[in-house]
Amino acid sequence: MNTGTKLGLKIGLYGGIIAVYVSVIGMIEAFAERDMIRGVVSLGHVLLFTIIVTTGYLAVRSLDQAINPAHVEDKKKISRGQALFTGLIAGLVVAAMIAILALIAEPLKVREVLVNVSPALLEVLTLGQGIPTGAVLLLVLSALLGATGGLIFVLPPIGRKAITSAFIWVVFLGMLSDLIRVTLSRPSIPSAIPRLLVTSNGLSVSGAVIVAVAAALLAIYGRTWQAKARAKIESLPLSGQKAVRYSGWGLVLLLLVFLPGIVGRFPSEVLVNIGFYVLMGFGINIVVGMAGMLDLGYVAFFAVGAYSMALLTTSDARLLGSIQMNFWTALPIVIVITGLAGLLVGAPVLKMRGDYLAIVTLGFGEIARFLALSDWFKPWLGGAQGIIKIPNITIGNFEFIGPQQLYYLFLVASLIVLFISYRVKSSRVGRAWVAMREDEDVAEAMGINTVYYKLLAFGMGAMIASVSGAIFAAKLGTIYPHSFNVFVSITALSLLIVGGMGSIPGVIVGAAVLVGLPELLREFSEFRFLLYGALLIIMMILKPEGFIPSERRARELHEEDRAQDAWLKQAVTPAANPGSSD
Amino acid sequence: MIDVVRTRFMDRFSWVGLLLWLLRAGVLILVLWGSINTLLSGKYSIDNWISLIIAGLAQGSIYALIALGYSLVYGILFMINFAHGEVFMAGAFTAYFVARYHASTGFLERNPLLSVIIWLAVAALVSTIVAVLLERLAYRPLRNAPRLVPLITAIGASFFLQYTFRGLYGSGFKSFPEIEPLQGTWSVAGVNVSIVQVVVLLAAVVLMIGLNWFVERTKTGKAMRAVAEDKEIAALMGIDVDRVIVTTFAIGGLLAGAAGIFRGLYQPQGISAFMGFIPGLKAFTAAVLGGIGNIPGAMVGGLFLGVFESIGPNLILEGLGIPGANQLRDAIAIVLLVFVLIFRPQGILGERLAEEKA
């Protein structure tokens with residue numbers, strides 16, 4: 001057996017395992033409910049086909065690496081024929097595994113154990129053609145898709161980039177087609193435009209073509225346009241450059257201000273949910289990202305914020321001693337209370353090492369929930385029924401009722417916290433945190449009072465979370481202990497890891513993607529934590545610094561690589577530095 | 001100025017120290033006060049306490065089996081395998097389907113013992129596979145990464161596994177079929193003891209003795225101890241370190257799988273994809289309690305935690321006049337973890353690890 005066949009089989013097997021996994025887990029079926037391009041292909045099929053194409057691509061890549069171990073980007077030694085063949089084999093193997101699943105599902109009554117292997121799934125897997133024809137069709141189609149994946153690898157880089165970006169944009173906008181349709185359907189826009197681009201279920205064919213062509217063009221020419229624009233800006237005098245930069249930020253701000261009006265009510269609700277996590281993300285970024293203390297009980301501070309706000313403002317007569325304050329007078333008290341709670345949690349765990357700290361804070365989070373649920377605290381916290389009748393937030397006569405109003409609250413709060421985060425980051429405090437994160441003992445030896453700075457991090461993180469919690473309480477009007485489970489902490493942690501620990505823009509992007517997308521896609525939300533879990537693993541293995549890394553953190557994590565590079569250079573040119581032979 | 005700053009800093013240091021001392025004294029007083037109150041009130045007889053303790057031991061032996069997995073892995077890699085609770089869940093959840101099949105075909109009624117042994121084998125096998133895959137796919141690529149990186153991976157793995165099994169087997173609670181011979185109670189010296197508790201306790205003890213024999217007496221066990229002592233030297237001595245690590249994960253998985261079945265027998269309700277989270281946290285508590293990385297420690301810690309959790313709410317909390325004390329069972333286990341980590345991080349039996357390998 002030659003290397004091409006062998007690698008095709010091997011990588012195809014891995015791809016097949018993944019394809020079968022997403023099938024039996026129910027993802028394909030759930031995603032199949034939504035069309036990406038109306039009447040042409042559903043999201044479920046897109047997921048399946050993407051796996052097959054990627055498998056073909058990866059098989060050919062590993063073949064390339066086997067033949068060309070030095071991995072010089074431009075000098076590929078494999079021919080188109082080889083790529084086609086290996087990709088084809090890989091695609092066939094994936095399809096064969098799916099076909100086997102489809103074939104055995106009915107006779108072996110797989111569904112009695114694996115609940116998601118339903119007739120609907122089988123229909124999706126066999127492309128709606130029933131088992132014998134569908135299976136054959138699937139095999140042929142997958143072979144073609146695998147071969148396509150292989151061919152994409154041997155394309156010149158620019159072509160590869162164009163295809164990937166066209167594909168990604170079509171999928172992305174296909175997923176958001178509802179949002180696009182709602183946004184575009186308004187009197188000021190001629191109705192021909194939304195009709196051209198989107199349908200009630202996915203993009204229209206013409207829309208998909210337009211998006212694909214635009215994305216491909218952007219991928220091919222984008223770089224040169226960008227370079228030209230940059231050159232033009234740089235040729236301006238300094239004041240002009242500044243003006244361009246400020247007007248850029250001004251535009252972003254303007255967009256943010258008018259966003260809820262542009263997108264409408266339901267997307268505003270999503271924006272508000274993102275807002276909760278942006279705020280919490282800023283807070284956890286201080287504790288975990290900057291100070292390097294892995295806090296898994298972060299939800300406890302969110303809960304303390306929400307509960308203290310609820311207690312101070314509620315008109316619920318069941319509870320002892322309700323005070324019925326106004327939101328704005330209560331807010332500073334809430335922040336102080338939660339800050340103290342942060343110190344209280346922080347103090348006992350000061351001496352603990354990273355991993356113990358994580359588990360203990362997780363424990364604190366759970367304890368907070370158990371206590372809120374218990375009969376013991378029921379007279380004060382309302383037990384499992386929680387606290388009701390929390391009034392809305394008002395300024396004068398203006399009431400923050402709907403998401404479109406609450407959005408502005410988050411915008412202002414986020415901007416304030418963003419400002420604080422930026423200022424703290426490069427201040428003495430921020431640098432002390434970073435020093436502690438990199439090496440606590442050395443930091444202490446350099447005169448940093450680690451006790452003080454750790455408590456400060458805990459306190460600040462808690463206070464920021466409390467603002468989020470306070471608005472949460474006021475928004476819902478009712479809070480229960482069940483809203484404050486460990487998944488909140490995990491979401492906050494995931495968005496931090498995906499965005500990049502210690503990275504402030506990372507928090508915003510992470511929250512938008514990890515919280516926003518599952519809210520917009522109902523099918524997605526069931527698999528939300530599955531994907532978070534997978535993301536955490538994959539990010540840690542492949543890209544521990546996150547997608548928008550803070551520079552310093554990236555340096556820390558790749559220290560070893562750099563050391564190795566230095567060593568390699570030394571080994572390659574021993575004559576250049578003869579003194580280092582020992 | 002510097003002096004002022006320094007004295008301020010010294011003050012803060014002693015503040016934290018003072019706080020911890022107050023906490024220690026306060027907890028001690030509360031525990032004593034609660035216990036004495038309950039004992040004086042005479043609400044529970046000696047028999048009550050004995051059955052609570054035996055129930056606690058049975059529950060604790062399950063924690064101990066899971067805790068061994070944490071401890072074995074920690075002893076070798078110095079990482080907390082946060083997803084170990086899910087390894088426990090995976091075995092039990094899969095074996096549930098075998099059990100259901102046995103119950104529906106009547107095999108269970110005819111051969112109860114054989115049936116349970118098959119469940120045990122299935123659960124142990126599945127848990128072992130999950131544990132080994134976890135090591136191979138998630139942890140091995142990160143062997144030399146900074147400490148928090150594998151921990152975050154493990155947290156991700158934990159949620160990934162929970163939702164994977166939820167997707168595979170569906171959400172909702174399932175219950176293991178009842179086994180006729182294990183129902184009912186034995187009466188020993190006037191105290192009623194439930195049979196299933198005794199069986200679970202004995203089976204767990206047998207497994208623990210087996211593990212001890214394996215680690216102390218076999219060549220692989222010796223290799224494990226060598227790797228735990230020093231990975232590099234062990235490698236120089238010709239030990240395949242990767243293989244030893246996989247073996248360690250496999251053994252941890254096997255014990256966790258068995259624990260899953262015991263849990264299924266002991267508390268038939270409540271098999272679900274999320275069943276591993278709280279027991280995992282408690283088993284970690286047990287491992288820390290006994291001194292993490294220490295095998296007898298994990299056993300002692302597990303049993304102690306089980307008993308503490310069983311009698312704690314009635315003994316301490318009721319004496320303090322806290323209503324609904326049994327709701328706080330999970331909470332006091334976690335509080336125990338916090339206190340152990342604050343005041344005696346090396347655990348009951350662990351003396352060297354905290355110092356050397358921290």
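Note that the structure is a prediction, hence the values are computed from the model and not measured.

Observations regarding the overall build of chain A
Of the regular secondary structure elements, chain A holds 26 helices and four strands. Whereas a compact globule of 582 residues would reach a radius of gyration of roughly 25 Å, chain A reaches 27 Å, a difference of no more than 12%. Oriented by its inertia axes, the alpha-carbon framework of chain A measures out at about 75 × 70 × 60 Å. Buried residues in chain A amount to 46% of all 582 residues.

Topic: the nonpolar core
Within the largest apolar cluster, 288 residues are counted, with the highest numbers of intra-cluster contacts made by B:Ala64, B:Leu65 and B:Ala258. B:Leu65 has contacts with B:Ala204, B:Leu207, B:Leu255, B:Ala256, B:Ala258 and B:Ala259, leaving out every residue within four places of it along the chain.

Description of the packing of helix α24 (residues 528-542) of chain A against helix α6 (residues 148-169) of chain B
As a packed pair, α24(A) and α6(B) sit with axes 7 Å apart at the nearest point and diverge in direction by 150°. Between α24(A) and α6(B), the angle is such that the two are roughly antiparallel. Viewed along their axes, α24(A) and α6(B) form a crossing whose handedness is left-handed. Where α24(A) abuts α6(B), its residues A:Phe529, A:Leu530, A:Tyr532, A:Gly533, A:Ala534, A:Leu535, A:Leu536, A:Ile537 and A:Met540 lie against B:Val149, B:Ile152, B:Thr153, B:Ile155, B:Gly156, B:Ala157, B:Phe159, B:Phe160, B:Tyr163, B:Thr164 and B:Gly167. By residue class, the composition of the contact of α24(A) with α6(B) is 15 nonpolar, five polar and no charged.

Structural notes on the interface of chain A and chain B
Listed as interface residues are 46 residues of chain A and, on the opposing side, 45 residues of chain B. Only α15 (354-373), α20 (450-476), α21 (486-499) and α24 of chain A provide two or more residues apiece to the side of chain A that touches chain B. Looking at the side of chain A that touches chain B element by element, the count peaks at 12 residues for α15(A). Classifying every residue of the side of chain A that touches chain B by side-chain character gives 35 nonpolar, seven polar and four charged.

Some points on the domain arrangement of chain A
By convention, interface size is frequently given as the accessible area that disappears when the constituent parts associate. Domains assigned within chain A are domain 1 (1-154), domain 2 (157-235) and domain 3 (265-483). The C-alpha-based centres of domain 2 of chain A and domain 3 of chain A are spaced at 39 Å.

Some words on the domain arrangement of chain B
Residue and element names in this part refer to chain B. The assigned domain composition of chain B is domain 1 (69-274) and domain 2 (276-358). Between domain 1 and domain 2, the C-alpha centre-to-centre distance is 20 Å. Contacts between domain 1 and domain 2 engage 16 residues on the former and 16 residues on the latter. Of all the secondary-structure elements, those providing two or more residues to the side of domain 1 that touches domain 2 are α2 (46-77), α3 (84-105) and α7 (195-217).

Structural notes on α24(A)
Relative to the 21 Å expected for 15 residues at 1.5 Å per residue, α24(A) spans 20 Å between its end C-alpha atoms, a close match to the ideal helical length. Along α24(A), the residues classified as buried are A:Arg528, A:Phe529, A:Leu530, A:Tyr532, A:Gly533, A:Leu535, A:Leu536, A:Ile537, A:Met539 and A:Met540. Looking at the packing, one finds that the buried side of α24(A) touches α21, α22 (504-520) and α23 (522-525) of chain A together with α5 (112-139) and α6 of chain B.

Some words on the packing of α3(B) against α6(B)
Residue and element names in this part refer to chain B. Closest axis-to-axis distance for the α3/α6 pair is 9 Å, and the angle between their directions is 15°. On the basis of their axis angle, the class for α3 and α6 is roughly parallel. The hand of the α3/α6 crossing is left-handed. Across the interface between the two elements, Gly 85, Glu 86, Met 89, Ala 90 and Phe 93 of α3 pack against Ser 158, Leu 161, Gln 162, Phe 165 and Tyr 169 of α6. When its residues are assigned to classes, the contact of α3 with α6 shows six nonpolar, three polar and one charged.

How each quantity is defined
- Residues numbered from 1 in each chain as written.
- Chains lettered and ligands numbered in written order.
- Predicted model: local features only at pLDDT ≥ 70, side-chain atom pairs only at ≥ 80, totals over all residues.
- Helix = DSSP H or I, 4+ residues; strand = E, 2+ residues; numbered from the N terminus.
- Rg over C-alpha atoms; globule rule 2.2 N^0.38 Å.
- Buried ≥ 20, exposed ≤ 12 C-beta atoms within 10 Å, placed from the backbone.
- Core = buried A, V, L, I, M, F, W, Y, C linked by C-beta atoms within 7 Å.
- Contact = placed C-beta atoms within 7 Å.
- Axes fitted to C-alpha atoms, helices over the stretch in contact; angles between N-to-C directions.
- Parallel < 35°, antiparallel > 145°, perpendicular 65-115°, else oblique.
- Left-handed = near helix turned anticlockwise from the far one by under 90°.
- Nonpolar A, V, L, I, M, F, W, Y, C, P; charged D, E, K, R; others polar.
- Domains from an automatic or database assignment.
- Expected span 1.5 Å × (residues − 1).

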